[in-house]
Amino acid sequence: MAREASVERNTKETEIKLKLVLDGRGYSDIETGVGFFDHMLDGFTRHGLFDLCLRVHGDLKVDDHHTVEDTGIVLGTAIREAAGDKKGIRRYGSCILPMDEVLVLCAVDLSGRPYFSWDAEFSSEKIGDLSSEMIREFFYAVSYTAGMNLHIKVLTGGNSHHQAEAMFKSFAKALDQALSFDTRITDVLSTKGSL
């Protein structure tokens, strides 16, 4: 059975259409109106081997806040829906990823309980046309709507572009690992019997 989800969200601030395939090939077709954000989501898709089609029309005349945060809400919703009952998946995933001088840790638990931990700072206010503070807001929105524990920590800092890229790629690798199947797991990986 295909693990995929299509989600739409329409408000006065954003109109979003997203289709996510968890067991994909790394194909992306992304337009958010924020070029650097598109680049980060493309990296997420490619390195997690997900397929992602995304169209966002947001109130960019105001700023990039609603576009980025609402995309996180929709992506988190799609991850939760596509993961289904989570039977047979590893549940946990982690990745320590280097990007030149930068080293970032990301850990994921698809527990059904949202929790977000962030230990990072950016040296620049903007990366391309993306407000660097919005990267934290994006991951927060993903974690809470997906119902996952998500920890992101910059172990070695450096160039802001490199830090952001390492975050999105390490999140992709950790999430892919957590969503992967293990034939030894016949139900859900929990003493409670449900996630």
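Scroll up to find the structure this text is about.
Everything numeric here is computed off the predicted structure, so don't read it as measured data.

A. Main features of the sheet that holds strand β6 (residues 102–109). Reading across the sheet, the four strands line up as β5-β6-β10-β7 and stay open at both edges, with mixed pairing between neighbours. The open sheet has two free edges, formed respectively by β5 (92–99) and β7 (115–119), since each of these has just one partner strand. The average angle at which neighbouring strand axes cross in this sheet is 10 degrees, direction not considered. Packing against the sheet, helix α3 (residues 133–146) makes contact with β7 and β10 (149–156), and its axis sits at approximately 160 degrees to β7. Helix-sheet contacts for helix α4 (residues 160–179) involve β5, β6, β7 and β10, and the interaxial angle to β5 is about 150 degrees.

B. The environment of P98, seen in detail. Counting through the fold element by element, P98 comes out in strand β5. For P98, a relative accessible area of 55% puts it in the exposed group. Distance in space between the C-alpha atoms of P98 and R55 is 30 Å, their sequence separation being 43 residues.

C. The arrangement of the nonpolar core in detail. Judged by nonpolar contacts, the single largest core of 59 residues is most densely connected at V108, I135, F139, M148, M167, F171 and L175. Here this core gets 10 residues from one element, more than from any other, and that element is α4. Those residues within four positions of M148 in sequence are excluded, and the remaining contacts are I79, V108, D109, L110, R113, P114, Y115, V142, S143, F171 and L175.

D. Up close: α3. Along its 14 residues, α3 runs 21 Å from first to last C-alpha, staying within 8% of the 20 Å computed at 1.5 Å per residue. For α3, every residue scored as buried is listed here: M134, I135, F138, F139, A141, V142, S143, T145 and A146.

E. Main features of the packing of helix α2 (residues 65–83) against α3. Running from N to C, α2 and α3 cross one another at 30 degrees; their axes reach a closest spacing of 7 Å. By the criterion of interaxial angle, the relationship of α2 to α3 is roughly parallel. In the packing of α2 onto α3, the handedness of the crossing is right-handed. Of the residues in α3, those touching α2 at H65, V68, E69, T71, G72, I73, L75, G76, T77, I79 and R80 are M134, E137, F138, A141, V142, T145 and A146. The class makeup of the residues in the contact of α2 with α3 is nine nonpolar, six polar and three charged.

Here is what the cut-offs are and how they apply
- Residues numbered from 1 in each chain as written.
- Predicted model: local features only at pLDDT ≥ 70, side-chain atom pairs only at ≥ 80, totals over all residues.
- Heavy atoms only, no water.
- Pairing = 2+ DSSP bridges.
- Helix = DSSP H or I, 4+ residues; strand = E, 2+ residues; numbered from the N terminus.
- Axes fitted to C-alpha atoms, helices over the stretch in contact; angles between N-to-C directions.
- Contact = heavy atoms within 4.5 Å.
- Buried < 20%, exposed > 50% of the residue type's maximum accessible area, 1.4 Å probe, protein only.
- Core = buried A, V, L, I, M, F, W, Y, C linked by side-chain atoms within 4.5 Å.
- Expected span 1.5 Å × (residues − 1).
- Parallel < 35°, antiparallel > 145°, perpendicular 65-115°, else oblique.
- Left-handed = near helix turned anticlockwise from the far one by under 90°.
- Nonpolar A, V, L, I, M, F, W, Y, C, P; charged D, E, K, R; others polar.

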